[in-house]
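Structural overview for review
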Amino acid sequence: MTMLKEGRPTAPQAVNEADSAPATVTGNRALMLEEALIFEIGSTDTTGVDFAEAPKVASRLGNLARTDGIGLPGLSEQETVRHYTRLSRQNYAIDLGLFPLGSCTMKHNPRLNEKVARMPGFADLHPLAPQSTVQGALAVIHELAQWLVTLTGMHSVAMSPKAGAHGELCGLLAIRSALEARGDARSVILVPESAHGTNPATAAFCGYKVEDIPATPDGRVDLEALKARLGPDVAAVMITNPNTCGLFEREMKTISDAVHAAGAFVYCDGANFNAIVGRVRPGDLGVDAMHINLHKTFSTPHGGGGPGSGPVVLSEALTPFAPLPFVEKQGDRFVLVEEETVEDHHASSFGRMVAFHGQMGMFTRALTYILSHGADGLRQVASDAVLNANYILRSLDDVLDAPFGGSGPCMHEALFSDKGLAEGFTTLDIAKGLIDEGFHPMTMYFPLVVHGAMLVEPTETESKAALDQFILALRSLAERAKAGDEALKGAPYFAPRRRLDETLAARKPVLTWTEGALAQAAE
Amino acid sequence: MIDNVIPARAGMTKQENNMRYLPLTDTDRQDMLSVIGASSVDDLFVDVPAEARLSDKIAGLPDHASELAVERHMAALARKNLSAGEAPFFLGAGAYRHHVPASVDHLIQRGEFLTAYTPYQPEIAQGTLQVLFEFQTQVARLLGCDVANASMYDGSTACWEAIGMARRITKRGKAILSSGLHPHYVSVANTMAKFTGDALVHQAPTLDAATDIDALIAGIDKDTSCVVVQYPDILGRIADLTPLADAAHAAGALLVAVVTEPVALGAIKAPGHMGADIVVGEGQSIGVGLQFGGPYLGLFGCKQKYVRQMPGRLCGETVDAAGKRGFVLTLSTREQHIRREKATSNICTNSGLCALAFSIHMTLLGERGLRELATLNHGLAVQAADRLRQVPGVTLLNDSFFNEFTLVLSKDARDVVRNLADRGVLGGVSLGRLFPDASEIGHGLVVAVTETVTVEDIETLAKALEEELA
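Keep in mind it's a predicted model, so treat the numbers as computed, not measured. (Residues numbered from 1 in each chain as written. Chains lettered and ligands numbered in written order. Predicted model: local features only at pLDDT ≥ 70, side-chain atom pairs only at ≥ 80, totals over all residues.)

1. Considering the overall build of chain A
Keep this limit in mind: Secondary structure elements are taken from DSSP: a helix is a run of H or I of four residues or more, a strand is a run of E of two residues or more, and numbering for both begins at the N terminus. Exposed residues have 12 or fewer other C-beta atoms within 10 Å of their own C-beta, buried residues have 20 or more, and residues in between are partly exposed; the C-beta atoms are placed from the backbone. Distance between backbone-placed C-beta atoms decides contact: two residues are in contact if it is within 7 Å.
Per the secondary structure count, chain A includes 15 helices and twelve strands. Counting only C-alpha atoms, chain A reaches 95 × 75 × 50 Å along its principal axes. Counting over 523 residues, chain A shows a buried share of 57%. Taking all contacts inside chain A whose residues are at least 6 apart in sequence as the whole, residues at least 24 apart take part in 73%.

This is the structure in structure tokens:
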């Protein structure tokens, strides 16, 4: 036998760019791996977990033993790791690149926060553990509360709301309780047209009639129209500041004064607090209640749709009505005030909003983030967030229509419209084109007051180099959409999926897996 | 005002004014300002009224701190707690300690899951969307429902959303809440009912081996929108829900079942299979962990015919422009971002990452693993109940239970729980803490026993109880 001396080829042959890539038998394309559903690859007899043998006992389940096949497929640990790792690679994420979703504040999520949240002293605590055994956890809630109150210039904070919309509910319930306490039944809440959808939904949930307030041509609340509408039937005004057009409501204090003079309250949607943290205190602007999205301004991860956390800072007038439970410092001890002790000194509370104490796992992360930044760093957060947004606004306002660009600087997000795009081209085409360029699209078609809105929020954690690359991409797409480049209408080309048929999904919803369900729906 | 303040970091570079998460340099800032045409960042804040503009950082707060300093501070706070793993641990009552396989936490920390947003751009969110579709299917099957949504905040908020949904479906406003429903869930529903106008009927439980199903059936009338019943209930009792479902349906009302310990459904019949129209739950015990009460995971399932009245996000299957299977958020005309004040709920952000953790853990278990886990929980709970009932001064309330039962003690259980904690034993949840207004049940102690409990732990609790009750 002789050894072969030829070896393997070490230099590629020249590629003809016109060649189309051949199909593969698996449907995979190298690192782009298709992944079937667990119901197609798993089996109810497979498990990736093993347990000690159960003690032999006579069942105490009455006659209720479950005898049906539940239909839950299992995978081995290795298959499980592979399944979810493959799926993860079909997601865009902040860890991959700039994620300029306006109003969502997709900033870097520091990993120290994850490490801290997982310390057993926080993660492995039962919510009903005796208070003597959870003094450190109560201290975290108290310390974070102190920061939030100080940063906002408010009187107190309700920590338990689970997300921003839940915080809105908390604020409106406090307002309604305060009004009822003075025997003042009011029925209307005023909401600007540009508001997040959660605002009118929350107001309606609390039993209020929702009325729109119009905007001025420069994208702000129409003060005169608001004043004209105020009256004895108006319970509150819900204002987002900075607003969803990325603009500061210059007349905020005047608005608050007018609202208070009419006997109503000011709710501020704090989704955009990132723009002003350390530079403006909402308490100085006459706000009565404002939720803070810890998953936005204070960088707890969005996790593909939650969990969030929405503490609500309150004015002195609303503080007595704050929900249970809350943490108080009594001497050296931290005390959780809940139903058992509420009568003593918090009898006006409107009650409980959640089973336990709110999003502790988000509190540890947010406090870690806040301590890392400190007072100086948090102020710099707002400065850099606003600087980055203005840099994008002024780098693109020659190719994209900036409807409020003439009225001065924006805050933390830059707003463009679809004005000037070629006939038949839309904001959606630009958004999908951004996907091919390696970016998550901006918020699109919101706020509703701007046609084909594109709301770009870069956040402070992007470098200038990252911003420049994004500007290059968006400029190119704007030029293509204005020139009527038909290829853009097919984007994205390089994502795991092309544009998806949402109409089909809604017409005959397939919400759970059964063999062949989609084929039936499509018929 | 901040306790344990961290001193300002020595050696901070004043000129650069940077901390580690902020990448811009002062040179970048100057270059960008010149593109913008502003002379300073302060000029960008001109729209803020001068009297509200802060000229410098807020006084009295510490400056930025190193990763090491912050970790040290937080670790010191963590050490002031007695974590569940450090003590014989028997707490339940709506939050359960289970072993979560290491791969679950590893996978949810992949940045593509952790740092993604709600999947509004489906072409680059198929990972999250497929997980949600699998999650919805797992939850529907576990609860015995036709469909399930992509999660709610937690069990308690899912419960009041179910009450609201029943009101919309039946156009009636009276909900009957079982005395066995978790009192915090009752509190949440009471809070909401003050503002929605629902009339809620509820009584505190009595220390009785039988559930209140007969009383619930007797209370149903033509104004009843729904009956809300927990299974297993707050005292750990379980009963067949079929007669209750039949009675509710006969009166045109719905049955809402609440499951706070979903591991139980690996051993006992699913509420959906006993006629429940809506089944909600707390999914925390699978994959999520205790976390001092949050974030948790609201489970929400119902019959197919009610799907358009559901709150929250739904993920559905579809195809892309090239004909490949894919997933999208769907039926969003129920939701606040489309329907605004006419939405079925105001919920936006939900518990996505907790749903992922649940789904991964459930995939690792599979049906076989879930059944083994449930069998192990039940076996240990039976062992514990039989051991603890032998302690003088202790009576076992339950005839039937899954992994949680109620002991009636010869003393007020609140004091006993505090004294046990001083001995380093986390021995259960007192009914006095859960129902402060119902002093007659103050001797009740709710004890949960999961696979994390050892035979030695049971013995330790028995001995400690013996001494406390002597």
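2. Observations regarding the overall build of chain B
Each helix and strand in chain B was counted, giving 14 helices and 13 strands. Out of the 470 residues in chain B, the part that is buried amounts to 62%. The long-range fraction of contacts in chain B, counting pairs at least 24 apart against all pairs at least 6 apart in sequence, stands at 74%.

3. What about unusual backbone geometry?
Residues and elements named next belong to chain B. In this structure, Pro 232 follows Tyr 231 across a cis peptide bond, with omega equal to -15 degrees. Tracing the sequence through the fold places Pro 232 in the loop between strand E4 (224-230) and helix H9 (242-250). Here the residue pair Gly 294 and Pro 295 is connected by a cis peptide bond, since its omega of 0 degrees sits within 30 degrees of zero. When you line up the elements, Pro 295 lands in the loop between strand E6 (278-282) and strand E7 (298-302).

4. Topic: the sheet that holds strand E12 (residues 454-456) of chain A
All names here are of chain A. Inclusion rule: Between any two strands, at least two bridges found by DSSP are needed for them to pair.
Pairing is antiparallel in the open sheet, where three strands are placed in the order E10-E12-E11. Strand pairing shows two members of the sheet lacking a second neighbour, strand E10 (414-416) and strand E11 (443-444), which therefore form its edges. With two bridges joining them, E11 and E12 adopt antiparallel strand pairing. Each bridged residue has a counterpart across the sheet, and for Met 444 the counterpart in E12 is Met 454.

5. Overview of the nonpolar core
Put simply, the test is: Linking buried Ala, Val, Leu, Ile, Met, Phe, Trp, Tyr and Cys residues through C-beta atoms within 7 Å yields a set, and such a set is a nonpolar core.
Grouped together as the largest cluster of nonpolar side chains are 321 residues, with contacts concentrated most on Val 227 and Val 256 of chain B. Setting aside residues up to four positions removed in sequence, Val 227 of chain B forms contacts with Ile 176, Leu 216, Ile 220, Leu 244, Ala 248, Ala 253, Leu 255 and Val 256 of chain B.

6. A short note on the interface of chain A and chain B
Inclusion rule: Any residue that is not Ala, Val, Leu, Ile, Met, Phe, Trp, Tyr, Cys, Pro, Asp, Glu, Lys or Arg is counted as polar, Gly included; the first ten are nonpolar and the last four charged.
With 176 residues of chain A at the contact, the number on the chain B side is 177 residues. The biggest single contributor to the side of chain A that touches chain B is helix H11 (residues 360-396) of chain A, with 22 residues. Residue composition of the side of chain A that touches chain B, grouped by class: 87 nonpolar, 57 polar and 32 charged.

7. Things to note about helix H12 (residues 413-422) of chain B
Residue and element names in this part refer to chain B. The condition is simple: The arc refers to the directions leading from the helix axis to the C-beta atoms.
Buried within H12 we find Ala 413, Val 416, Val 417 and Leu 420. Buried positions in H12, seen along its axis, are confined to an arc of 100 degrees and lie on one side of it. A positive backbone phi angle near 80 degrees is found at Gly 424, which sits one or two residues after H12.

8. Section: the pairing of strand E2 (residues 188-192) of chain A
Looking along a regular strand, one sees the side chains alternate between the two faces of the sheet. Residues and elements named next belong to chain A. This is how the line gets drawn: By the criterion used throughout, a crossover qualifies as right-handed when its path from the first strand across the helix to the second strand runs clockwise, the strands pointing away from the viewer.
Of all the five residues making up E2, five are buried; the element is thus mostly covered by neighbouring parts of the structure. Of the two faces of E2, the one lined by Val 188, Leu 190 and Pro 192 and the one lined by Ile 189 and Val 191 are each fully buried. Here E2 runs beside strand E3 (residues 209-213); their pairing, made up of five bridges, is parallel. Note that in E3 the partner of Leu 190 across the bridge is Glu 211. At this point the chain moves from E2, through helix H7 (residues 198-205), to the parallel E3, and the crossover so formed is right-handed. Both E2 and strand E4 (residues 234-240) contribute to a ladder of three bridges, which runs parallel. When the sheet's bridge partners are listed, Ile 189 is paired in E4 with Ala 236.

9. A few points about the domain arrangement of chain B
We count it as follows: Marked domain ranges trace back to an automatic or database domain assignment.
Taken domain by domain, chain B comprises domain 1 (1-75), domain 2 (84-98 + 367-469) and domain 3 (102-361). Domain 1 of chain B and domain 3 of chain B are separated by 43 Å when their C-alpha centres are compared.

10. Some details on helix H7 (residues 183-196) of chain B
Since one α-helical turn is 3.6 residues long, residues separated by three or four positions face the same way. All names here are of chain B. So the rule is basically this: Here a helix's expected span is defined as the number of its residues, less one, multiplied by 1.5 Å.
Over its 14 residues, H7 extends 19 Å from the first C-alpha to the last, a length consistent with the 20 Å expected when each residue adds 1.5 Å. Buried within H7 we find Pro 183, His 184, Tyr 185, Val 186, Ser 187, Val 188, Ala 189, Thr 191 and Met 192. If you follow the buried residues of H7, they end up packed against helix H6 (155-170), strand E2 (174-177), strand E3 (199-201), strand E5 (254-259) and helix H13 (431-434). One or two steps after H7, the chain reaches Gly 197, where phi turns positive at roughly 85 degrees.

11. A few points about the pairing of strand E5 (residues 265-269) of chain A
All names here are of chain A. In terms of burial, E5 is a largely internal element, five of the five residues being buried. Here E5 shows a buried face lined by Phe 265, Tyr 267 and Asp 269 and a second buried face lined by Val 266 and Cys 268. A crossover links E4 with its parallel partner E5, the connecting element being helix H9 (residues 252-261), and its sense is right-handed. Relative to strand E6 (residues 289-291), E5 runs parallel, the two sharing two bridges. Note on E6: the bridge partner recorded for Tyr 267 is Ala 289.

12. Describing the sheet that holds strand E12 (residues 429-430) of chain B
Residue and element names in this part refer to chain B. Within the open sheet, the four strands sit side by side as E10-E11-E13-E12. Their pairing is antiparallel. Among the strands making up the open sheet, the edge pair consists of strand E10 (394-396) and E12. Of the strand pairs in this sheet, strand E11 (residues 404-409) and strand E13 (residues 444-448) are connected by five bridges, and their pairing is antiparallel. Across the sheet, the residue bridging to Glu 404 is Ala 448, located in E13.

13. So, the domain arrangement of chain A
Residues and elements named next belong to chain A. Annotation of chain A at the domain level lists domain 1 (113-369) and domain 2 (375-501). The C-alpha centroid of domain 2 is placed 30 Å from the C-alpha centroid of domain 1. Facing 19 residues of domain 1, the contacting portion of domain 2 comprises 21 residues. A per-class count over the side of domain 1 that touches domain 2 returns nine nonpolar, seven polar and three charged.

14. Some points on the environment of Ala 431 of chain A
Residues and elements named next belong to chain A. If you trace the backbone, Ala 431 turns up in helix H12 (residues 427-436). Here the alpha-carbon distance between Ala 431 and Phe 265, two residues 166 residues apart in the chain, equals 38 Å. Those residues in contact with Ala 431 that sit more than four places away from it in its chain are Pro 441, Met 442 and Met 444.

15. Quick notes on the packing of helix H11 (residues 352-388) of chain B against helix H14 (residues 455-469) of chain B
All names here are of chain B. Keep this limit in mind: Axis geometry follows a simple rule: fit a line to the C-alpha atoms, using only the stretch in contact for helices, then measure angles between N-to-C directions, giving values from 0 to 180 degrees. Each angle is binned into one of four classes, with values under 35 degrees roughly parallel, values over 145 roughly antiparallel, values of 65 to 115 roughly perpendicular, and all other values oblique. The crossing is said to be left-handed when, going from far helix to near helix, the turn is anticlockwise and less than a right angle, and right-handed when the turn is clockwise.
As a packed pair, H11 and H14 sit with axes 10 Å apart at the nearest point and diverge in direction by 25 degrees. Considering the angle they form, H11 stands roughly parallel to H14. Seen from above, H11 lies across H14 with right-handed handedness. Of the residues in H14, those in contact with Gln 383, Ala 384, Arg 387 and Leu 388 of H11 are Ile 458, Leu 461, Ala 462 and Leu 465. When grouped by side-chain class, the residues that make up the contact of H11 with H14 number six nonpolar, one polar and one charged.

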